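Descriptive analysis of the structure
Chain residues, written in single-letter form:
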Amino acid sequence: MLVAGTAQARDQIRIVGSSTVYPFTTAVAEQLGKTGGVKTPVVESTGTGGGMKLFCAGVGEEHPDATNASRRMKKTELDMCQKNGVKDVVEINIGFDGLTIAQSKQGTPIKLTLPQLLLAVAKQVPGPDGKLIPNPNKNWSDIDKSLPNFKIEVLGPPPTSGTRDSFHELLLEKGAEQIPALAQLKKSDPKAFDSVWKTLREDGVYVEAGENDNLIVAKLEQNKNAFGVFGYSFLEENAAKLRGVPLNGSEPEFDNITSGKYPGARRMYVYLKKAHVGIVPGIDKFAVEYVSPKAIGEDGYLAKKGLVTLPKAEADAVRKSITDMKPVSADALGS
């Protein structure tokens, strides 16, 4: 167990985990540092799985206080936590990630499947014999004759962005799994399969447009045939100029995202170590700030960063769980 002396050894909250959740947690940490009367928490991007391993390794100043996750904790991870003395883990469902592909309203409307999206932007794709070749697709119609005959150009985030991770994991990996030759590759050579959906073209088809979504919007206005990748809330903000591209037959709309029907949607979480609350200063304040209406509310500062917010009833339930600091149960988690 932590002892009182630990607080003197570490007086700053330490958070690890998902790169997708990282920008949201960083925004909360900065807000807490400005207004909460505690040091700004340190947030590290380690990936969801890596964060779980660090978080569950034990209780004490050398272990993180919280971890970000772009999926729910698995039962096996909670078991690992409890085996290492992390008995009580508090779960915060912060909202949804709604990753969209958008285009100018002046452009030709297009509907895409996830395999088509993968075949547009991956550096390597299966050739006629199923073996990987450099991506030969120049126009959308090269992928499928039913698609428009104009040049493929996709403007998106750089590797440093959590949105880029979501683009890979939510859309491209799933698209690769739906292509028979790549599904077979996943079985025979998982590393080679991962390389396909993780490696984007470098021939000007995928354009890294930096972290500034306004720049992407401006470029989409200049080129009506280009497509941009960013969070749902930014699409909503620019609804007069842009339209969302349906993926696998599902429109990027609030209800489709919150229901999980839209393929670019997933719930995101933060997990807290209850044993550290009251020992490392500010963990309770951090949790309260995260679930406050000004953060995860419909017009909150996290919504402006791309978070798809929880329906009010769910948000209220999350706030109550933080007030109670009720630990998550193994029965609530998947395997």
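For the structure, see preceding data.
Conventions and cut-offs
- Residues numbered from 1 in each chain as written.
- Predicted model: local features only at pLDDT ≥ 70, side-chain atom pairs only at ≥ 80, totals over all residues.
- Heavy atoms only, no water.
- Disulfide = S-S within 2.5 Å.
- Helix = DSSP H or I, 4+ residues; strand = E, 2+ residues; numbered from the N terminus.
- Buried < 20%, exposed > 50% of the residue type's maximum accessible area, 1.4 Å probe, protein only.
- Patch = residues over 30% accessible without salt bridge, like charges linked within 9 Å, V, L, I, M, F, W, Y side chains within 5 Å.
- Areas by Shrake-Rupley, 256 points an atom, 1.4 Å probe, with all protein chains shown as cover.
- Salt bridge = Lys/Arg side-chain N within 4 Å of Asp/Glu carboxyl O.
- Lys, Arg positive; Asp, Glu negative; His and termini not counted.
- Charge placed at Lys NZ, Arg CZ, Asp CG, Glu CD.
- Core = buried A, V, L, I, M, F, W, Y, C linked by side-chain atoms within 4.5 Å.
- Domains from an automatic or database assignment.
- Contact = heavy atoms within 4.5 Å.

1. A look at the state of the cysteines
- Scanning the model with the defined rule gives 1 disulfide in all.
- Residue pairing for Cys 56: its cysteine sulfur links by disulfide to Cys 81, the two sulfurs lying 2.0 Å apart. Looking along the S-S bond of the Cys 56-Cys 81 disulfide, the torsion reads about -70°, which is the left-handed sense. Placement of Cys 56 in the loop between helix 3 (48–55) and strand 3 (66–69) and of Cys 81 in helix 4 (residues 75–83) is noted, with a sequence separation of 25 residues between them. The burial state of Cys 56 is the same as that of Cys 81; both residues are buried.

2. Here's the deal with a negative patch on the surface
- A surface patch of negative charge is lined by Glu 236, Glu 237, Glu 298 and Asp 299.
- Within the fold, Glu 236 resides in helix 11 (residues 232–237).
- On the basis of relative accessibility, which here comes to 49%, the residue Glu 236 falls in the partly exposed class.

3. Focus on the nonpolar core
- By size, the foremost hydrophobic cluster in this structure holds 74 residues, and its most contacted members are Trp 140, Phe 167, Leu 272 and Tyr 290.
- Counting residues domain by domain, this core receives three or more from each of domain 1 (14–96 + 267–332) and domain 2 (98–265).
- Discounting residues that sit within four places of it in the chain, Trp 140 has contacts with Ile 110, Leu 112, Gln 116, Ala 120, Leu 147, Pro 148, Phe 150, Lys 151, Ile 152, Val 154 and Phe 227.
- Ranked by size, the runner-up nonpolar core spans 13 residues in total, among them Cys 56, Ala 69, Leu 78 and Cys 81.

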